[in-house]
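# Report on the structure
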Protein chains: 4
Amino acid sequence: MGNGLSEEPTAGTLQGTLHRLPVRVYYADTDVSGIVHHTNYLRFMERGRSDWMRLLGFDQRSFLESSGPDMFFFAVRSMSVEFLKPALLDDALVVETQLTELAGASCTLGQKILRGAETLMTGQVRAAFLGQGGRPRRLPAEMKAKFAGLVPATMSL
Amino acid sequence: MGNGLSEEPTAGTLQGTLHRLPVRVYYADTDVSGIVHHTNYLRFMERGRSDWMRLLGFDQRSFLESSGPDMFFFAVRSMSVEFLKPALLDDALVVETQLTELAGASCTLGQKILRGAETLMTGQVRAAFLGQGGRPRRLPAEMKAKFAGLVPATMSL
Amino acid sequence: MGNGLSEEPTAGTLQGTLHRLPVRVYYADTDVSGIVHHTNYLRFMERGRSDWMRLLGFDQRSFLESSGPDMFFFAVRSMSVEFLKPALLDDALVVETQLTELAGASCTLGQKILRGAETLMTGQVRAAFLGQGGRPRRLPAEMKAKFAGLVPATMSL
Amino acid sequence: MGNGLSEEPTAGTLQGTLHRLPVRVYYADTDVSGIVHHTNYLRFMERGRSDWMRLLGFDQRSFLESSGPDMFFFAVRSMSVEFLKPALLDDALVVETQLTELAGASCTLGQKILRGAETLMTGQVRAAFLGQGGRPRRLPAEMKAKFAGLVPATMSL
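So, a few notes on the structure that sits alongside this text. Since this is a predicted model, take the numbers as computed values, not measurements. (Residues numbered from 1 in each chain as written. Chains lettered and ligands numbered in written order. Predicted model: local features only at pLDDT ≥ 70, side-chain atom pairs only at ≥ 80, totals over all residues. Heavy atoms only, no water.)

As a further point, take the overall build of chain A. The number of helices and strands found in chain A is three helices and seven strands. For 157 residues, the compact-globule estimate of 2.2 N^0.38 gives 15 Å, and the C-alpha radius of gyration of chain A, at 17 Å, lies within 12% of that figure. Structurally, chain A occupies a C-alpha span of about 45 × 45 × 30 Å along its principal axes. Classification of the 157 residues of chain A by burial places 55% in the buried group. Taking the contacts inside chain A whose residues are at least 6 apart along the sequence as the reference set, 65% of them involve residues at least 24 apart. (Helix = DSSP H or I, 4+ residues; strand = E, 2+ residues; numbered from the N terminus. Rg over C-alpha atoms; globule rule 2.2 N^0.38 Å. Buried < 20%, exposed > 50% of the residue type's maximum accessible area, 1.4 Å probe, protein only. Contact = heavy atoms within 4.5 Å.)

Below is the structure:
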């Protein structure tokens, strides 16, 4: 690049406790009914969660590649989603992500996909904390401290 | 084929009100954590719903390609899923599908993914009935009659 | 299953050196232009190659999970594909797979996707033999012996 | 957004005849062998081609939704790709796209995926120009004029 612009893909922005990630709809995201296939909204949501982690300073790949007690990854345990309005080819969307609950071995994130001011879908995703061999474990300490500061004040830990 | 075997892909079996579809896990279904990516279970569930419709005698493509008042398709409106145990590369799974509720402009299906006797995930999927321009409509009459016979007796229509 | 039917997903049939796998087109395979998205034909081709291996008696997961010198997997190194006619929602397709060339650290497969007598696409896929850490290696001996018997006679090894 | 930043997803940059699009690798792009699944590089390439069109000022959705002689879309007719080095979870990649050949009813694009200075894959993609009913057609005039200026000088039209 001769023009000094960064070419790093955006990881969105974190404003207070709310993460926002811009996402574009491409051909591969759509289906024959003319709109985004319902499973692909869930892929957009995953990108939001991943970049939220990235902006918090956590490197998921190094956790995943660690051995022994440092090995750590998230696994989606349950999700509940409402599809309100369809997204179309070429749409510019925003994925919103926010931590809503933190428990000993899992957390819950509230997510939305928007097109401008319109909410296209909403979802709650519960992710378990897993280690070596897929066994449940507690959050790494640094992550726990950071997460605790992101849960709305009315939530009890 | 010189051997007289049918090469039609299976659409599973319908036993009473329960549809069962065998599904294989391939490389493209997995992710770097070593298991099936959570969105791909939802693709398996879609195959189950599609083949359940096929065995009931309905041709989704001809409904989708119809014009005017005959145009008809389903759109997933909401889903709630629990991921209980992971599926792995090469696993032979079964997707179970059953109609659990029938309303004027939508229905709800209960689905499970199993590996042998183990339940790997469960989900409830509400699908809206849509027509021309994505507007809500009632079920085509023949479909309504067939669906009504498949809802457990305790459900009111 | 009370009816004695096997519910194992089909792995297709191997007739001489030609493997044939039936595949159904579902919503998730299509895009807004109304046909199967070009990358999804390549997923169908992968299913063909995987089930060809399965019918030859090789268990890709156990090779992948082995440690040390037994660890083994295939990686696509190059492919060349022609998309001749589109496939549509609900189409019943067949993926044909055949070994066309065997070299020290890679092999080439010729593949086709058909709908009845029509050829929808053709492709050549070269797969490298990789081991621990993604390093090139030779084929496991038993696999080499079996592969050698499947290459057309005019090919030199 | 209170901070005045644009949240439009990037469409990359066009420098002379070369388009560059930054792309991030997420979980859904990887497979159990630990790297990006080969079909997902092709999805990244599609994003590059789409955003190249966008920066040239063409709106694929409005062409696709047009009726009669204005209806227009691209369909991939053939592709030839080399996978040189694997991409991993969280990698920041760049997709390069360049028009290399322009014919009456199709064009060829040369594409690369890079991670910093490393080339991970290269590909040539031939796209046909299609209209109503998927019939071959000529490029819309404005597009033809713009494309002609982007083909390397040594190519004859």
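Picking up where we left off.
Right, let's talk about the interface of chain A and chain D for a bit. Opposite the 34 residues of chain A that make contact, chain D presents 34 residues. A combined buried area of about 3,300 Å² lies between chain A and chain D, and 48% of that area is made up of carbon and sulfur atoms. Among the residues chain A hides against chain D, the three largest losses belong to Tyr26, Tyr27 and Arg61 of chain A. Together they make up 20% of the total. At the boundary of chain A with chain D, the tally comes to eight salt bridges. For glutamate 8 of chain A, the salt bridge is made with arginine 24 of chain D, and the minimal N-O distance between the two is 3.5 Å. Those elements giving two or more residues to the side of chain A that touches chain D turn out to be strand S1 (13-15), strand S2 (18-24), helix H1 (38-55), helix H2 (60-65) and strand S4 (92-102) of chain A. Looking at which element gives the most residues to the side of chain A that touches chain D, the answer is H1 of chain A, with six residues. For the side of chain A that touches chain D, the residue count by class is 15 nonpolar, six polar and 13 charged. (Buried area = accessible area lost by both parts, 1.4 Å probe. Salt bridge = Lys/Arg side-chain N within 4 Å of Asp/Glu carboxyl O. Nonpolar A, V, L, I, M, F, W, Y, C, P; charged D, E, K, R; others polar.)

Contact with chain C, which involves 34 residues of that partner, is made by 34 residues of chain B. Across the interface of chain C and chain B, roughly 3,300 Å² is buried in total on both sides, 48% from carbon and sulfur atoms. Per-residue buried area on chain C facing chain B is highest for Tyr26, Tyr27 and Arg61 of chain C; these three make up 20% of the total on that side. Taken together, chain C and chain B are joined by eight salt bridges. As a salt-bridge pair, arginine 54 of chain B and aspartate 90 of chain C come within 3.2 Å of each other at their nearest N and O atoms. Put simply, chain C and chain B have 14 residue pairs in polar contact (both at pLDDT 80 or more) between them. Where the side of chain C that touches chain B is concerned, the elements lending two or more residues are strand S1 (13-15), strand S2 (18-24), helix H1 (38-55), helix H2 (60-65) and strand S4 (92-102) of chain C. Top element by residues in the side of chain C that touches chain B is H1 of chain C. It accounts for six residues. Split into classes, the residues belonging to the side of chain C that touches chain B amount to 15 nonpolar, six polar and 13 charged. (Polar contact = N/O pair within 3.5 Å; in protein donor to acceptor, adjacent residues only side chain to side chain.)

Okay, the packing of H1 of chain C against helix H1 (residues 38-55) of chain D next. Direction vectors running N to C along H1 of chain C and H1 of chain D enclose 170°, while the axes themselves pass 10 Å from each other. When the interaxial angle is binned, H1 of chain C and H1 of chain D end up roughly antiparallel. When H1 of chain C is examined against H1 of chain D, the residues His38, Thr39, Asn40, Leu42, Arg43, Glu46 and Arg49 of chain C are found in contact with a partner set consisting of His38, Thr39, Asn40, Leu42, Arg43, Glu46 and Arg49 of chain D. Among the residues forming the contact of H1 of chain C with H1 of chain D, the class breakdown is two nonpolar, six polar and six charged. (Axes fitted to C-alpha atoms, helices over the stretch in contact; angles between N-to-C directions. Parallel < 35°, antiparallel > 145°, perpendicular 65-115°, else oblique.)

Moving on: the relation of the copies chain C and chain B. Superposition record for chain C on chain B: RMSD 0.0 Å, screw rotation 180°, translation along axis 0.0 Å. Such values leave the two copies arranged in the relation of a two-fold axis. No C-alpha of chain C lies nearer the rotation axis than that of threonine 10 of chain C, which sits 4.1 Å from it. Taken together, the interface assignments show that 100% of the residues at the interface of chain C recur at the interface of chain B, consistent with an identical surface on both copies. (Least-squares fit on C-alpha atoms with pLDDT ≥ 70 in both.)

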